[in-house]
Amino acid sequence: MKLNLKRIAKLATYTIGKLSIDGVYFCDTLEDVYRGLDQSMSIEKVNEIKIKGQTAIPSGTYKVAITFSPKFKKDLPLIQNVKGFEGIRIHSGNDSDDTEGCILVGKNKVKGQVIDSRLTFTTLMDKIKKEKDITITIE
């Protein structure tokens, strides 16, 4: 299964994107501030630019695994091997206060937020939980 996240609004305090599953639009996303990070950068460069808890992960392609999150106490998609970041998940939430580099899913009907996030996340999990080979490309 291929997930694709296209960042469409890179604003001063948050980033809005569109998430597709196998080429079909699924939902909107909200992330922390995009600071121009890319998977091809060195770890030193990523750490130099990154502001902890306030920076969207580097653009690139990553493997995704469904694993148990000790923080959320349930299974969540984990984006693996993100340079300079640990524990990056896809989960529910409404605004940039609810993410520390993670990707929030929902509908961008309110400026600076995604709504209907829990329902959107549940639907996403229903679609991907049995998949064995999941990747996400973030552009």
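Residues numbered from 1 in each chain as written. Predicted model: local features only at pLDDT ≥ 70, side-chain atom pairs only at ≥ 80, totals over all residues. Heavy atoms only, no water.

**Q** Talk me through the state of the cysteines; I want residue IDs and the actual numbers.
**A** Disulfides are covalent bonds that link the sulfur atoms of two cysteine residues. For the structure on display, the rule yields 0 disulfides. No disulfide involves Cys27; its nearest neighbouring cysteine sulfur is the one of Cys102, lying 15 Å away. Its relative accessible area of 2% is what places Cys27 among the buried residues. (Disulfide = S-S within 2.5 Å. Buried < 20%, exposed > 50% of the residue type's maximum accessible area, 1.4 Å probe, protein only.)

**Q** Pulling in residues and values, what's your account of the pattern of salt bridges?
**A** Summed over the entire model, instances satisfying the criterion amount to 7 salt bridges. We note a salt bridge from Arg7 to Glu31, for which the minimum N-O separation is 2.9 Å. Separated by 24 residues along the polypeptide, Arg7 in strand β1 (residues 2-10) and Glu31 in strand β3 (residues 24-31) bring together distant segments of the chain. The pair Arg7 / Glu31 is uniform in exposure class, with both members buried. Residue Glu48 is joined to Lys45 by a salt bridge in which the shortest nitrogen-to-oxygen separation is 3.5 Å. Highlighted residues: Glu48 and Lys45, both in helix α1 (residues 43-49), separated by 3 residues, approximately one helical turn. (Salt bridge = Lys/Arg side-chain N within 4 Å of Asp/Glu carboxyl O. Helix = DSSP H or I, 4+ residues; strand = E, 2+ residues; numbered from the N terminus.)

**Q** Give a detailed account of unusual backbone geometry, specifying residues and quantitative values.
**A** At Lys73, a residue that is not glycine, the phi angle is positive and equals roughly 60°. Its location among the elements puts Lys73 in the loop between β4 (60-69) and β5 (74-79).

**Q** Report on the pairing of strand β2 (residues 15-21), specifying residues and quantitative values.
**A** Burial analysis of β2 places 6 of its 7 residues in the buried class, which makes it a mostly covered element. Of the strand pairs in this sheet, β1 and β2 are connected by 7 bridges, and their pairing is antiparallel. Paired with Lys10 across the strands is Thr15, a residue of β2. In this structure, the hairpin formed by β1 and β2 is closed by a connection of 4 residues. Here β2 runs beside β3; their pairing, made up of 7 bridges, is antiparallel. Residue pairing for β3: Ile21 is matched across the bridge by Val24. Between β2 and the antiparallel strand that follows it, β3, lie 2 residues; Asp22 among them carries a positive phi value of about 50°. (Pairing = 2+ DSSP bridges.)

**Q** Quick one: what's the story with the packing of aromatic side chains, residue by residue and with numbers?
**A** When we look at a pair of aromatic rings, we describe it by the centre distance and by the angle of the planes. Here the structure, examined in full by the defined rule, presents 0 aromatic pairs. Across the ring face of Phe85, the terminal group of Lys50 is positioned such that the distance to the ring centre comes to 4.3 Å. (Phe/Tyr/Trp six-rings, centres within 6.5 Å; stacked < 30°, edge-to-face > 60°. Lys NZ or Arg CZ within 6 Å of the ring centre and 35° of its normal.)

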